[in-house]
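As a plain string of letters, each chain reads:
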Amino acid sequence: MLSAIWETEGLQTVGIVVLVFASIKLLHILGLISFSEDSVEDELELSAVRHRPEGLEQLEAQTRFSRKELQILYRGFKNECPSGVVNEDTFKDIYAQFFPQGDASTYAHFLFNAFDTDHNGSLSFEDFVMGLSILLRGTVQEKLIWAFNLYDINKDGYITKEEMLDIMKAIYDMMGKCTYPVLKEETPRQHVEVFFQKMDKNKDGVVTIDEFIDCCQNDENIMRSMHLFENVL
Amino acid sequence: MAAGVAAWLPFARAAAIGWMPVANLPMPVAPTEKNKRQDELIILNVSGRRYETWRNTLDRYPDTLLGSSEKEFFYNEDTKEYFFDRDPDVFRSVLNFYRTGKLHYPRYECISSYDEELAFFGIIPEIIGDCCYEEYKDRKRENAERLMDDQEDNKDAKLPNMTFRETMWRAFENPHTSTMALVFYYVTGFFIAISVITNVVETVPCGSSPNMKEVPCGERYTVAFFCMDTACVMIFTVEYLMRLYAAPNRYRFMRSVMSIIDVVAILPYYIGLVMTDNEDVSGAFVTLRVFRVFRIFKFSRHSQGLRILGYTLKSCASELGFLLFSLTMAIIIFATVMFYAEKGSTSSKFTSIPASFWYTIVTMTTLGYGDMVPKTIAGKIFGSICSLSGVLVIALPVPVIVSNFSRIYHQNQRADKRRAQKLQKARLARIRLSKTGSTSAVLHSKRNGLFNEALELTGSTGEEKHLSKSASLIESQHHHLLHCLEKTTNHEFVDEQYYQQSYLEAGLQNYPSRSPSLSSQDGVTGTCCTRRSKKNHHPLKHMHTHLQGLQELSTIHIQPLSTSRSSLNMRVEEPAPLNCQSSQITTAIITIPTPPVTTPEGDAHLPAAPSLQNVVKVSAL
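Residues numbered from 1 in each chain as written. Chains lettered and ligands numbered in written order. Predicted model: local features only at pLDDT ≥ 70, side-chain atom pairs only at ≥ 80, totals over all residues. Heavy atoms only, no water.

K.L.:
Describe the pairing of strand β4 (residues 81-84) of chain B, with residues and values.
P.N.:
Residue and element names in this part refer to chain B. As defined by bridge partners, strand β1 (residues 41-46) adjoins β4 across three bridges and the pair is classed as parallel. Within the sheet, the bridge partner assigned to Asn45 lies in β4 and is Phe83. Of the strand pairs in this sheet, strand β3 (residues 75-76) and β4 are connected by two bridges, and their pairing is antiparallel. By the bridge assignment, Asn76 is partnered in β4 with Glu81. (Pairing = 2+ DSSP bridges. Helix = DSSP H or I, 4+ residues; strand = E, 2+ residues; numbered from the N terminus.)

K.L.:
So what's going on with the interface of chain B and chain A? Residues and values would help.
P.N.:
With 68 residues of chain B in contact, the opposing surface of chain A contributes 64 residues. Roughly 6,000 Å² of surface becomes buried between chain B and chain A when both sides are summed, with 69% attributable to carbon and sulfur atoms. At the junction of chain B with chain A, the criterion picks out zero salt bridges. Our count for the chain B to chain A interface comes out at four residue pairs in polar contact (both at pLDDT 80 or more). Ranked by residue count, the leading element in the side of chain B that touches chain A is helix α20 (residues 473-489) of chain B, at nine residues. For the side of chain B that touches chain A, the residue count by class is 39 nonpolar, 21 polar and eight charged. As paired elements, strand β4 (residues 179-180) of chain A and strand β5 (residues 492-493) of chain B share two bridges and run antiparallel to each other. Within the sheet, the bridge partner assigned to A:Thr179 lies in β5(B) and is B:Phe493. (Contact = heavy atoms within 4.5 Å. Buried area = accessible area lost by both parts, 1.4 Å probe. Salt bridge = Lys/Arg side-chain N within 4 Å of Asp/Glu carboxyl O. Polar contact = N/O pair within 3.5 Å; in protein donor to acceptor, adjacent residues only side chain to side chain. Nonpolar A, V, L, I, M, F, W, Y, C, P; charged D, E, K, R; others polar.)

K.L.:
If you had to explain the sheet that holds β1(B) to someone new, which residues and values would you point to?
P.N.:
Residues and elements named next belong to chain B. Sheet architecture is open: four strands sit in the order β2-β1-β4-β3, paired in mixed fashion. In the strand order of this sheet, the two ends are held by β2 (49-54) and β3, each with one partner. Along the sheet face, helix α4 (residues 88-100) touches β1 and β2 and points at about 5 degrees away from the line of β2. (Axes fitted to C-alpha atoms, helices over the stretch in contact; angles between N-to-C directions.)

K.L.:
So what about the packing of helix α8 (residues 161-173) of chain A against helix α9 (residues 187-199) of chain A? Which residues, and what values?
P.N.:
Residue and element names in this part refer to chain A. The geometry of α8 relative to α9 is characterised by a closest axis approach of 9 Å and an angle of 130 degrees between their N-to-C directions. Judged by the inter-axis angle, α8 sits oblique to α9. Pair α8 / α9 crosses with right-handed handedness. Note on element contacts: α9 touches α8 through Thr187, Pro188, Arg189, His191, Val192, Glu193, Phe195 and Phe196, opposite Lys161, Met164, Leu165, Met168, Lys169 and Tyr172. Taken together, the residues of the contact of α8 with α9 sort by class into eight nonpolar, two polar and four charged. (Parallel < 35°, antiparallel > 145°, perpendicular 65-115°, else oblique. Left-handed = near helix turned anticlockwise from the far one by under 90°.)

K.L.:
Outline the pairing of β1(B), listing residues and values.
P.N.:
Bridge analysis of β1(B) against β2(B) gives six bridges, and the strand direction is antiparallel. Bridge pairing in β2(B) links B:Leu44 to B:Tyr51.

K.L.:
Give a description of the pattern of salt bridges that names residues and reports values.
P.N.:
For the structure shown, the criterion picks out 19 salt bridges over all chains. Notably, a salt bridge pairs A:Arg224 with A:Glu220, separated by 3.5 Å at the nearest N-O pair. With A:Arg224 and A:Glu220 both in helix α11 (residues 220-226) and four residues apart, this pair spans about one turn of that helix. Judged by relative accessible area, which is 61%, A:Glu220 ranks as exposed. Connected via shared salt-bridge partners are B:Glu239, B:Arg243, B:Asp262 and B:Lys298. (Buried < 20%, exposed > 50% of the residue type's maximum accessible area, 1.4 Å probe, protein only.)

K.L.:
A description of the confidence of the model for chain B should follow, citing residues and the corresponding values.
P.N.:
Residue and element names in this part refer to chain B. Taken residue by residue, chain B gives an average pLDDT of 72. The fraction at 70 or more is 66%. Confidence, expressed as mean pLDDT per element, reaches its minimum in chain B at helix α23 (residues 565-568) with 40 and its maximum at helix α16 (residues 353-364) with 93. Confidence over residues 412-418 falls short of pLDDT 50; this stretch has eight contacts with residues more than four positions distant or in other chains. This model gives residues 455-470 a pLDDT under 50, and the stretch forms 18 contacts once residues within four places in sequence are excluded. Our summary of model confidence lists the complex with pTM equal to 0.48 and ipTM equal to 0.73. (pLDDT = per-residue confidence, 0-100.)

K.L.:
Could you give me a rundown of the packing of aromatic side chains, with the residues and numbers involved?
P.N.:
What the rule picks out here adds up to 43 aromatic pairs over all chains. Here A:Tyr151 and A:Phe195 contribute two aromatic rings whose centre-to-centre distance is 6.3 Å and whose plane-to-plane angle is 80 degrees, an arrangement assigned as edge-to-face. Placement of the pair is A:Tyr151 in helix α7 (residues 140-151) and A:Phe195 in helix α9, with a sequence separation of 44 residues. Pair check on accessibility: A:Tyr151 and A:Phe195 agree, each one buried. Across from the ring centre of A:Phe196, 5.6 Å away, lies the NZ or CZ of A:Lys161, which sits over that ring. Positioned above the aromatic ring of B:Phe172, the side-chain terminus of B:Arg243 is 4.9 Å from the ring centre. (Phe/Tyr/Trp six-rings, centres within 6.5 Å; stacked < 30°, edge-to-face > 60°. Lys NZ or Arg CZ within 6 Å of the ring centre and 35° of its normal.)

If you want it as structure tokens, here you go:
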């Protein structure tokens, strides 16, 4: 009689244990529970893109910088970006350090696109130096063309009010919050209005490159300020 | 602004050309490099090891030894190099700071030698980068404590004039200082031992007379034990009173752990004296006697090891807590399981879950008394799982406690958490400081830097240059860049306080904001040799004028183009009266359209075309 009790009890126990383990295994197979923290495969860091610039002679020929100036520029560039290219985030970081009070990321984005002439998403030393060559050593015409290129966000040859508004907001963002007089919501918009009044001669709502260059060349202030940074470097 | 980024400043300035067509105001003049020399290599000879770097690299930090003219003192004419008779290994870190802008602390370096080198080269240790800062602080704290310990050891030297009280206290705290103290130390130790042994022996059953049952010795030799007890308590009381008298800070002494132990040790005796054989409370009185065993803790004054053990337990509190918690969880789980497994069997000892607790604890700690055993098969299976897991659960936290114990000797006892918290706060404070530092530098230099421009324009000689703060060229270029941005947007950077004020005032005012177009102003000079004094009562004045229905004016530019030297010599820091020949300027209500009569004499002219909205500043009084 005792053995019968033992038997039933034992079978019952065994049955219960088997059931429990089987259900756990089933859930594991279904992926509902996991026993160990799945180790996430570390994303293979793509080896840092390395880029070497063209030779010094070529750059000398293509830009208006002297050899020494190119050397100085490259040393500074390489210091900050050892891999030889600047991607947009690094660029934004660097630019933001010059404007501690405001948020320079939007304007840095536009600037990045203006420098990145081949639109490959990263700024190499050649792009950098070409842009600087125009800005520092170019003729006023070239500088104005460069500025037009900056404002024309979608590079279609026309500056619309929306594009200008984006640029204006980006510039005002760099000022930050603590300004005098207090920045208002409509300040950038009004600034854009003034700009368009000045530039848009035929009042068609867009500014073409010829209108832009014409108007700037007739404006004394702008002309003068174009020469402002000539002694940089 | 980080040093490395300074290399990108020319780029940022060139990119500012993008703002020019948008700006409506003329731009300020750019700072010129006065002596533009080609970048050259300089050689730094540190105890024979030659380091070479560009001069510009060192110039990044003009307030250190290598960045300033102080290094000229170390210039060796013959070899055309700078010679420093210092440690060349530490100099590597110093030079790397100039190159990368980050100061690192090498771990193998001794903390005090590193500090000395930093002090010599004029670099403050607070700018050590985040990667090395914690290590640096830890080592520094260790060193400081070591020095403090050394100092404490020296305290044993007897001071010439010590009062009797001080002598006594010193004798109590450091028994090896004098013979009397030693004697006292051993006597108290002896009596503590006697007292504890007495308590123990009291309960031993002594030999019994044939007719009586066995009685404990305490009840057989009541008088003897009572006398022993009295003697011990007498000694302890005297000792406690003496310590209390000698303590320099009695209140603090009374709150310390040792004194509480002393009090608890002797209190039961006195309570027993006071309470005679009152049947009701005698039960409580018996319980009080338990506290006599606390006398054993008095030994901790005599034993350093005991104190350290107490320290360890206190510091391992979290690990012990974890152990306790996990054990509790396991006990509850297994007790429940055992209870339900054994429910079926007859005459089972597992009458309830709390009753199963006892079984679980005994099994998990591998004691196995055997007073409760499972009878069903399921119970036996779970019982064996329970004992196996018990071994594991207990074995896990023990190494942690052991390593903690060894750590206690070498590390600070302050809680790691508190330290990390302070560190985090300090780090955030440092970051904030550097950020506000740069912005306030801009604002500050706006007031001073404009002086320089005025000086340059008026072609003044060098003797006035001493007024200019020697901001580095990079700084002045950076400020010029920010200045151009201000001009482009026709708004100014101000500090937080001023912004709050003007924000409030703007809420009261509601002037329509017409964008100013002053493009045709300001003839040749085209700059702003303005002097602005931001005084606190400006906003009030503005409100005042507005309320009086005058045309809005926020500020008036005063252009002291050809002010005399006396005015230039005025210090700008004080928002004090501008003596810029402008004593005639009254702050009072200035009405426009008439241009204010109060212009300073000379060629100053206001850019006030009355019809246009001006951005003018009231020059104070």
